[in-house]
Amino acid sequence: QVQLVESGGGLVQTGNSLRLSCAASGRTLSSYVMGWFRQAPGKERVFVAAINWSGGMTNYADSVKGRFTITRDNAKNTVYLQMNSLKSEDTAVYYCAARYGGNVYLAGGYVNWGQGTQVTVSS
């Protein structure tokens, strides 16, 4: 199994940017499709973005399209989520997750999850 550790969360003002990182250990990240999910207080965990094994294909939730960018560096075993033009509704705990394939939008197919990193956007 691969172990995932997120970092880069914090408190920012509306309109600012953050970059989240997800560092993997235990197995090479290139074996996995990677995704980012988020969970706001009192709400279910929802899909944010995903990237395929090579980084050549990405998917985004409509709510973040054009503002967030997911990338990966397989040599560094790390996945990133660049978040620009942040809004208060982006406030949540962000999780990275790994899967072998299939529907990237469904949380149930991911086999490994990180512990999450808090992102708080204040107005």
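About the criteria used
- Residues numbered from 1 in each chain as written.
- Predicted model: local features only at pLDDT ≥ 70, side-chain atom pairs only at ≥ 80, totals over all residues.
- Heavy atoms only, no water.
- Helix = DSSP H or I, 4+ residues; strand = E, 2+ residues; numbered from the N terminus.
- Contact = heavy atoms within 4.5 Å.
- Disulfide = S-S within 2.5 Å.
- Buried < 20%, exposed > 50% of the residue type's maximum accessible area, 1.4 Å probe, protein only.
- Pairing = 2+ DSSP bridges.
- Polar contact = N/O pair within 3.5 Å; in protein donor to acceptor, adjacent residues only side chain to side chain.
- Axes fitted to C-alpha atoms, helices over the stretch in contact; angles between N-to-C directions.

(A) Fine view of the side chain of D90. Considering the arrangement of structural elements, one finds D90 in the loop between β8 (78–83) and β9 (92–99). Residues contacting D90, with those up to four places away along its chain left out, are R38, R67, F68, S85, V119 and V121.

(B) Highlighting the state of the cysteines. This structure, assessed with the given rule, holds one disulfide. Here C22 is linked by a disulfide to C96, with a sulfur-sulfur distance of 2.0 Å. As the torsion about the S-S bond is roughly 55 degrees, the C22-C96 disulfide counts as right-handed. Of this pair, C22 sits in strand β3 (residues 18–25) while C96 is found in strand β9, placing the two residues 74 residues apart along the sequence.

(C) The arrangement of the pairing of strand β7 (residues 68–73) in detail. Of the two faces of β7, only one is covered, namely that formed by F68, I70 and R72; the face formed by T69, T71 and D73 stays uncovered. Where β7 folds back on β8, the antiparallel hairpin that results is connected by four residues, among which N77 adopts a positive phi of roughly 55 degrees.

(D) Summary view of the environment of Y110. Relative to the helices and strands, Y110 is located in the loop between β9 and β10 (112–113). Here Y110 falls in the buried class, since its relative accessible area comes to 5%. Residues Y110 and L29, spaced 81 residues apart in sequence, show a C-alpha to C-alpha distance of 14 Å. Ignoring anything within four residues of it in the chain, the contact list for Y110 reads V33, M34, G35, F37, F47, A50, A97, A98, R99 and V104. Separated by 2.6 Å, the side chain of Y110 and the backbone oxygen of V104 make a polar contact.

(E) Region of interest: the pairing of β9. The element β9 is largely enclosed, with a buried count of eight among its eight residues. Two strands pair when backbone bridges link them, and strand β4 (residues 33–39) and β9 are joined in this way by seven bridges, in the antiparallel orientation. Directly across from F37, in β9, lies its bridge partner Y95. In this structure, β9 lies alongside strand β11 (residues 117–122), joined through three bridges in antiparallel fashion. For V93, the partnering residue across the bridge sits in β11 and is Q118.

(F) Up close: the sheet that holds strand β1 (residues 3–7). Read across the open sheet, the four strands follow the order β1-β3-β8-β7; overall the sheet is antiparallel. Bordering the open sheet on either side are β1 and β7, each of which pairs with just one other strand. Averaged over all pairs of adjacent strands, the angle between strand axes in this sheet comes to 15 degrees, irrespective of strand direction. Bridge count for β7 against β8 is six bridges, and the pairing is antiparallel. By the bridge assignment for β8, T69 is matched with Q82.

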